[in-house]
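Listed below are the residues making up each chain.
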Amino acid sequence: MAPIFVGWVLAIGLSIKRSKLGLLTSALGGLIISGYLGKQHIDQSGTSACSVNERFDCAAVNLSRYGTLDGHLEFLPSIPLSFLGFAFYAAVLALAIVSLSDDSNQEEKSFEKGGTLIVWFGGLSILLSIYLAYISSVKLNKWCLYCIGMYGFNATIFLSGFLWSRSSQTDKTLFEDSSIKVFTGILVAMTIVSLIASPKGKTTKSTKAPGEATGSWEIEKLSTSMTLDGSEPVYGSPSAPYTVVEFADFQCPHCALTTPEVKKVISRHKGVAKLVYKHYPLSSICNPNISGLFHENACIAAYAADCAQEQGKFWDMTKLIFKNQDYLSERDLEFIAQQIKLDLDSYQTCLQKSEIKEGIESDIKAADGIGVEGTPALFLHDGDVWWKVLEQAEGLEATLIMLSEGKTPPGAKKKEAPSVPKPTESEKPAEN
C-alpha cells in the first residue's frame with residue numbers, strides 16, 4: 001500500500017497547486033490499479049500481490065460474484081467492475097491531458113466546465129466506493145487493498161474537479177463545453193471495449209443468507225445422467241440420501257472460492273447430502289475438450305490429489321492446493337504433500353500409476369455425459385433423478401433446506417421426496 005499512499009499524497013499536493021495535474025495523477029493511479037485487477041479477471045488468477053491473509057485478499061474480492069455488474073443487478077451484463085473502472089479513469093485521464101494542453105495554448109478556453117463534469121462523476125465514484133466498501137465489510141468479510149487504493153483516488157479526483165470548477169470563469173453551459181465530448185466519448189468507447197473483452201461465464205446471483213430458503217433460485221432437472229463408481233472422494237455422511245457432485249479445476253479461482261463454501265453447506269446439512277468430488281482440469285494436457293495448455297498445472301494437481309486420496313488425505317491436499325493456485329509445479333505439489341505428512345515414496349509411486357490418469361479421464365467422460373461446460377459445476381442426485389444446481393453454494397443450500405423439509409427440487413415430477421433423516425450434532429463429515 002505504500003506506493004498507493006504516496007500516490008494519494010502526490011495527487012492531493014498537485015491538486016492544491018494545480019488541479020489538472022492532480023487530476024492527471026489521480027486518474028493515472030486509478031488506471032494502473034484497475035488495469036491490474038482487470039488483468040486478474042482475464043487471467044482468472046486466484047492469487048494477487050495484495051492477497052495477504054483471510055481478511056485482506058484482493059483476488060477473493062475481485063473474483064467474487066460482486067466483482068461484476070450482474071452480481072449487483074442481475075439484469076445487467078457480466079462486465080467486471082475493474083473494466084468499468086478502467087474506462088472511467090481513462091476518460092478522466094484523457095480530459096486532464098487535453099485540458100492541460102489547452103492551458104498551454106491560450107487561444108481558446110474550451111474545457112472550462114471540465115471541473116464541474118469531474119465533480120459530478122467523481123461524486124458518483126465516491127458513492128460507489130462507499131457501497132463497495134459495505135459489500136466487502138458485510139457481505140464478503142474480506143477487503144481488497146487495491147480496491148481501497150481506487151477509493152482513495154476517487155476522492156482525489158473529486159477534490160481535483162472541485163478545485164478546477166472553482167477556478168472556472170465561463171458562462172458556457174456544460175453541454176456547450178468540449179469537456180463533455182472528450183470525457184463521454186472515451187467513457188462510452190472504453191465501456192464498449194469492456195463489454196466485448198469481458199470474460200465469459202456465469203456468476204452466482206443469489207443473495208440469500210445461509211439457512212434461508214425463501215425467494216427463488218435455479219435448479220434444472222436433467223434428462224442425462226452419470227455413473228458414480230464409488231472411488232470418488234466423499235465429504236459428509238456416506239449414508240446421506242442425496243449426493244452432490246462437484247466438477248472442479250484446481251487452477252480455477254472460482255472453484256477455490258466455491259469448494260470451501262460447498263463443504264460448509266454440506267456440513268450444515270449433514271444428514272441430507274454428501275459431497276462427491278470429480279475432476280475437470282481445464283488443460284489440453286489431460287482434457288481433450290480444452291484447446292491449449294490454459295491451466296497447465298491443473299492435470300498434475302488432479303493426479304496429486306488422487307494420490308493423496310490413496311492415503312486418505314484428499315481433502316487436506318485439495319485445501320492447500322486451492323490456497324496455492326499459482327504454485328502447483330511438481331516440486332510445489334511435493335512440498336504440499338510433505339506439509340500434510342504423506343508418505344512421499346508411496347506418493348511418488350502413485351503418480352506413475354496408469355490408474356491415476358485413467359481416473360481423471362473417467363471423470364472427464366462423466367462430465368461430457370452430463371453436460372459440464374465449465375467449472376465449478378454442481379449436480380444433485382437422489383438415486384434416480386439428476387439436477388444441475390445453477391447458483392452454486394447458495395442455490396445448493398436453498399435446495400438442501402427444502403429437501404430437509406421433505407419437498408422435491410423444482411422441476412421434479414416424483415410424487416414423494418425421499419425420506420431425509422434429521423442431522424445430528426454428533427455426525428461428523430467423512431473425509432476420505
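The structure presented is a predicted model; accordingly, all values stated were derived computationally and were not measured. (Residues numbered from 1 in each chain as written. Predicted model: local features only at pLDDT ≥ 70, side-chain atom pairs only at ≥ 80, totals over all residues. Heavy atoms only, no water.)

S.K.: It is not clear to me how helix H12 (residues 344-351) should be interpreted in this structure. Could you clarify?
M.R.: The α-helix advances 3.6 residues per turn, and as a result positions three or four apart in sequence lie on the same side. Within the sequence span of H12, burial applies to Tyr347, Cys350 and Leu351. Relative to the axis of H12, the buried residues are bounded by an arc of 100° and lie together on one face. For H12, exposure combined with an orientation more than 90 degrees from the buried face picks out Asp345 and Thr349. Contacts from the buried residues of H12 go to helix H9 (298-310), helix H10 (314-323), helix H11 (330-339) and helix H13 (354-370). Two or three places before Asp345, at the opening of H12, Asp343 has a side-chain oxygen 3.1 Å from that residue's backbone nitrogen. (Buried < 20%, exposed > 50% of the residue type's maximum accessible area, 1.4 Å probe, protein only. Helix = DSSP H or I, 4+ residues; strand = E, 2+ residues; numbered from the N terminus. Arc of directions from axis to C-beta. Contact = heavy atoms within 4.5 Å. Polar contact = N/O pair within 3.5 Å; in protein donor to acceptor, adjacent residues only side chain to side chain.)

S.K.: What is the right way to look at the nonpolar core in this model?
M.R.: One recurring pattern in soluble globular proteins: nonpolar side chains tend to sit buried together. Grouped together as the largest cluster of nonpolar side chains are 68 residues, with contacts concentrated most on Phe247, Met317, Ile321, Leu333, Tyr347 and Phe379. Here the element with the most residues in this core is H9; it accounts for 9 residues. For Phe379, the residues in contact, after removing those within four places along its chain, are Leu222, Met226, Thr243, Val244, Val245, Phe247, Ile370, Val372, Trp386, Trp387 and Lys388. Membership of the second largest hydrophobic core comes to 35 residues, among which are Phe88, Ala90, Val92 and Leu93. (Core = buried A, V, L, I, M, F, W, Y, C linked by side-chain atoms within 4.5 Å.)

S.K.: Please clarify how a nonpolar patch on the surface should be interpreted in this entry.
M.R.: Taken together, the side chains of Leu128, Tyr131, Tyr134 and Val138 make up a nonpolar region of the molecular surface, amounting to roughly 380 Å² of accessible area. Turning to its location among the elements, Tyr131 is positioned in helix H5 (residues 114-140). (Patch = residues over 30% accessible without salt bridge, like charges linked within 9 Å, V, L, I, M, F, W, Y side chains within 5 Å. Areas by Shrake-Rupley, 256 points an atom, 1.4 Å probe, with all protein chains shown as cover. Salt bridge = Lys/Arg side-chain N within 4 Å of Asp/Glu carboxyl O.)

S.K.: What is the right way to read the pairing of strand S3 (residues 242-248) from this model?
M.R.: Residues in a regular strand point their side chains to alternate faces of the sheet. With 7 of its 7 residues buried, S3 lies for the most part within the structure. What you see with S3 is no split at all: Tyr242, Val244, Glu246 and Ala248 on one side and Thr243, Val245 and Phe247 on the other are buried throughout. For the handedness criterion, the β-α-β arrangement of S3, helix H8 (residues 253-268) and strand S4 (residues 273-279) is classed as right-handed. Bridge analysis of S3 against strand S5 (residues 377-381) gives 5 bridges, and the strand direction is antiparallel. (Right-handed = clockwise from strand over helix to strand, strands pointing away. Pairing = 2+ DSSP bridges.)

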